[in-house]
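# Coordinate analysis (summary)
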Amino acid sequence: METNMANTKWQFFAAKALSGQRLTLEEGLSVLEADNDEVLLIMNAAFTVRRHFYGKKVKLNMIINAKSGLCPEDCGYCSQSIVSTAPVSKYTMLDKETLVAGAREAMARKAGTYCIVAAGKGPTEKELNQVVDAVKEIRETMPLKICACLGILKEDQAERLAEAGVHRYNHNLNTSKANYPSITTTHTYDQRVETVEKVKMHGMSPCSGVIIGMGETHQEIVEMAFALRELDADSIPINFLNAIPGTPLEHAGRTSSMKALKVLALFRLVCPSKEIRVAGGREVNLRTLQPLSLYAANSLFVGDYLTTAGQEVSADHQIIEDLGFEIELNAL
């Protein structure tokens, strides 16, 4: 009887999401604070919503670290920041040929979206020119969707990226507005929101997500989901902190696998029609429960992240096949 009542509750949340109603703060908290015995019921409710919008298709994305280290920002989670002592590669913006070669590798991995990511507060004109030139060639020669993540944009920079053919621009909120000053002091939460709004204004698809595990409360996680719904982000990467030695957050504990699943379900229920992507840190936080994540999420990064290793691409392809799901080729 108790199981039936719990299932009815989570399915009510699914029905609410499908009807366009937003969960209340209390309902969102109940997802995160549910007993672990209810996780499969919660994931089933999330899958009801995911299946409605995306069936069993999975979008794949690949990142290239286009510029590594050398970042003046003090983001506490990042091994490339000015306050990090982590031993990471340091190099300036990759040339056009290398960026284009990365796109070919994305195709080989069956990724539909190729993400050009560069550390820094925002791109210089030289860096922007290099990215624009690469994007134009990729658009002319490959059926890939292109996402750029270059930091805070000026108005004319957003316009140039859109004109070059960038489909999507990523700028994560990362954490709640209240928690933001404890993570980064060299720019503000509001500046991130403003960049996402610029992206939308110039016709690029907005991508913005979070990093779970940086000292935020459960209420703040729900508030992050609400903020991204309000921002109308088309794609929402859910990162789980992979605490890197040499960063201010190196001693942060991992998010438990069960909590990670509840977080993914929450974002699916709050942002039902959006691309929910299991992103950085999934391998070390979800561990053996990674396949279950796709009952809420409909998108994955394949291969390595910026300075941390992902699992073998073949393992991700195998997960999708074993679930009876299908890779959505050339998908934005």
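Predicted, not measured: the structure shown is a model, and the values here were computed from it.

### Some thoughts on the packing of helix H5 (residues 125–141) against helix H6 (residues 155–164)
- Packing of H5 against H6 leaves a shortest axis separation of 9 Å and a crossing angle of 20 degrees. The orientation of H5 relative to H6 falls into the category roughly parallel. The two elements H5 and H6 cross, and the hand of that crossing is right-handed. For the pair formed by H5 and H6, the contact residues are Glu-125, Leu-128, Asn-129, Val-131, Val-132, Val-135, Lys-136 and Arg-139 on the first element and Asp-156, Gln-157, Arg-160, Leu-161 and Ala-164 on the second.
- Of the residues in the contact of H5 with H6, the class split is six nonpolar, two polar and five charged.

### Let's talk about helix H8 (residues 218–231)
- For H8, spanning 14 residues, the distance from its first C-alpha to its last is 20 Å, which sits close to the expected 20 Å at 1.5 Å a residue.
- Here H8 has its buried residues at Glu-220, Ile-221, Val-222, Met-224, Ala-225, Phe-226, Leu-228 and Leu-231.
- Looking at the buried residues of H8, the elements they touch are helix H2 (25–32), helix H7 (189–201), strand S6 (210–212), strand S7 (235–240) and helix H9 (257–270).
- Looking one or two places after H8, you find Asp-232, whose phi comes out positive at around 60 degrees.

### Looking at the pattern of salt bridges
- For the structure on display, the rule yields 14 salt bridges.
- A salt bridge links Glu-125 to Arg-160; the nearest nitrogen and oxygen atoms lie 3.6 Å apart. Separated by 35 residues along the polypeptide, Glu-125 in helix H5 and Arg-160 in helix H6 bring together distant segments of the chain.
- The partly exposed category is assigned to Glu-125, whose relative accessible area is 38%.
- Residues Glu-197 and Lys-200 are paired through a salt bridge, measuring 3.4 Å at the closest nitrogen-oxygen approach. You can see Glu-197 and its partner Lys-200 sitting in helix H7, three residues apart, about one turn around the helix.
- Glu-197 gets classed as partly exposed once you look at its relative accessible area, which sits at 36%.
- Connected via shared salt-bridge partners are Arg-168, Glu-275 and Arg-277.

Calculation rules
- Here the residue numbers are simple positions, counted from 1 along each chain's written sequence.
- A pLDDT threshold of at least 70 governs which residues receive local features in this predicted model, and a stricter bar of 80 or more applies before side-chain atom pairs are shown or counted, although totals over entire chains, interfaces and linings include all residues.
- The basis for every side-chain value is the complete set of heavy atoms in the structure, and neither hydrogens nor water enter the calculation.
- Orientation is described by lines fitted to C-alpha atoms, with helices fitted over the stretch in contact, and by angles between N-to-C directions that extend from 0 to 180 degrees.
- Runs of H or I in DSSP of at least four residues are treated as helices and runs of E of at least two as strands, each being numbered from the N terminus.
- Roughly parallel covers angles under 35 degrees, roughly antiparallel covers those over 145, roughly perpendicular covers 65 to 115, and oblique covers all other angles.
- Should the near helix be turned anticlockwise from the far one by less than a right angle, the crossing is termed left-handed; should it be turned clockwise, right-handed.
- Whether two residues touch is decided by their heavy atoms; if any such pair falls within 4.5 Å, the residues are in contact.
- Throughout this entry, Asp, Glu, Lys and Arg are counted as charged residues, while Ala, Val, Leu, Ile, Met, Phe, Trp, Tyr, Cys and Pro are counted as nonpolar. The remaining residues, Gly among them, count as polar.
- Residue count minus one, scaled by 1.5 Å, sets the expected span of a helix.
- Between buried and exposed lies partly exposed: a residue is buried under 20% and exposed over 50% of the maximum accessible area for its type, with that area taken using a 1.4 Å probe on protein chains only.
- When a carboxyl oxygen of Asp or Glu is within 4 Å of a side-chain nitrogen of Lys or Arg, the pair counts as a salt bridge.

Interpretation in functional terms is not warranted from these geometric data alone.
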